[in-house]
Structures are given as structure tokens and as C-alpha cells.
Amino acid sequence: MCIRDRPGTVCLMSTCKTEFLSKKDPFSFNIHGLWPCRISNPYTPQFCPAQPFKRELLTSKTQTDIERQWSGLYSSTWRFVKQEWRKHGSCWHRSKDSSSNVIEAYFSKAVQVAVAFNVTAMLEAKNIKPRNDPYNYSGIAEAIKQGLGGHTGFVLRCEPINGRIYLLELRLCFGLDYTPIDCPADIMLEAVGCAGSKPIYFLSLIHI
């Protein structure tokens, strides 16, 4: 499962810091993580035995990609990705990768998935771009569905802030071959908060 956050909404909820935002693309979704999960219990496994995270094991390209697409936003980017490695990356399906450097393989794969399934481009294709006026949930959901080739393997999460509903997170569900699949039932329940008649605000980082 690939988790993407909307930086503008995250920064309404927390105090984001310029030092962690300087390299972030202000219009794109932020990578939150690539989470291995079981259909029957989608929040497992976690914290598997694995080698400790070391930044120097990442190529310079992957480090640059992380700083641009996987920002800590309101805390250290490298503390954030280290925690994602400990909690989720440590359980990544290694048999699908032949590299001895599994840390590089995991983070580069997460970036590859985010690029291959470019949510920002899916929305822009339907003229859904960050703005001050809200959108309907159905329009956002349909744009992502079409961007995924008709698949519905995704969940949108929203956050109420000061009487408005803001798009917070997108969860994309994949099989082991990284093709979209239906999300587990427990994940689908988290769509509560977006669907309905209330308009959804879609911000970029520059609105903060």
C-alpha cells in the first residue's frame, strides 16, 4: 500500500518548517510510505527484524528523490524515513528484489511507485488543481479511478479543520507485482470523512 499525503493539509494541522520544505515540490503529494500489508489484517506486519537504516546506503539520486518527494514537512525528513524503514520497510517483500542493498531497493521502489502512479497528474488531467474554492468528492475520486485505468483500489482520507473538509491522504492498494488491487475492507472504512455532499478543499503547500 502506497500512502500519499497532501502537504497543504498536513501543514494546516501541524507547524511545518521551512528547513524541511525547501526542496519539496509545493504542488505534488508527499510520500508517506510504502507499507507491506496482509489482506486479512492490513496493518500488519510491522517492525520486522532488519538491518538498521543508514542514509549512506542510499544512492545520491534516491536521497535527492526523497528530499523532493518524501519530506518530513514538520520534522526531520531523515528521521521520518528512518521511522518508515523501521516500522514498514523492514517487512518489505524482499524476494521480489535481488539487490543485496535492501534499504536502497525499498526506498527507490517506493519512489518508483509514486512516480508511476502520479496522483497529481491524474487530477490535473481532469483539471483538478490546488485552489481556494472546493471540489466535489465524486470528481476527485473519478479522476483517480480513471488515472488507475478504472481500478478502485484507493481510499481518500479527509480532515475537518475549522468547519471545512480538506483532502489529507490517498492510499493506493497494490499486489506484490505493484498493479492496483481492491483495498482490504478495514482500509476502505477509512474513507469516512471524504465521501458525501460536503465540498473538499484541495491545497498546495504555497497556500500555507
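What counts as what
Residues numbered from 1 in each chain as written. Predicted model: local features only at pLDDT ≥ 70, side-chain atom pairs only at ≥ 80, totals over all residues. Heavy atoms only, no water. Helix = DSSP H or I, 4+ residues; strand = E, 2+ residues; numbered from the N terminus. Expected span 1.5 Å × (residues − 1). Buried < 20%, exposed > 50% of the residue type's maximum accessible area, 1.4 Å probe, protein only. Contact = heavy atoms within 4.5 Å. Pairing = 2+ DSSP bridges. Phe/Tyr/Trp six-rings, centres within 6.5 Å; stacked < 30°, edge-to-face > 60°.

A. Structural context of helix α5 (residues 102-116). For α5, which comprises 15 residues, the first-to-last C-alpha distance of 20 Å matches the rise-based estimate of 21 Å (1.5 Å per residue) to within 8%. Within α5, eleven of the 15 residues are buried, leaving the element largely enclosed by the surrounding structure. Buried-residue contacts for α5 involve β1 (2-5), β2 (30-34), α3 (60-69) and α4 (77-87).

B. Fine view of the pairing of β1. Where burial is concerned, the two faces of β1 agree: the one with Cys2 and Arg4 and the one with Ile3 and Asp5 are both buried. In terms of strand pairing, β1 meets β2 through four bridges, oriented antiparallel. What sits directly across from aspartate 5, in β2, is asparagine 30.

C. Geometry of the packing of aromatic side chains. Evaluated as defined, the whole model comprises ten aromatic pairs. Measuring from centroid to centroid gives 6.1 Å for phenylalanine 29 and phenylalanine 202, while their planes differ by 35°, and the two rings are tilted. Of this pair, phenylalanine 29 sits in the loop between α2 (18-21) and β2 while phenylalanine 202 sits in the segment after β5 (200-201), and the two are 173 residues apart along the sequence. The exposure classification of phenylalanine 29 matches that of phenylalanine 202, with both residues buried.

None of this, on its own, says anything about what the molecule does.
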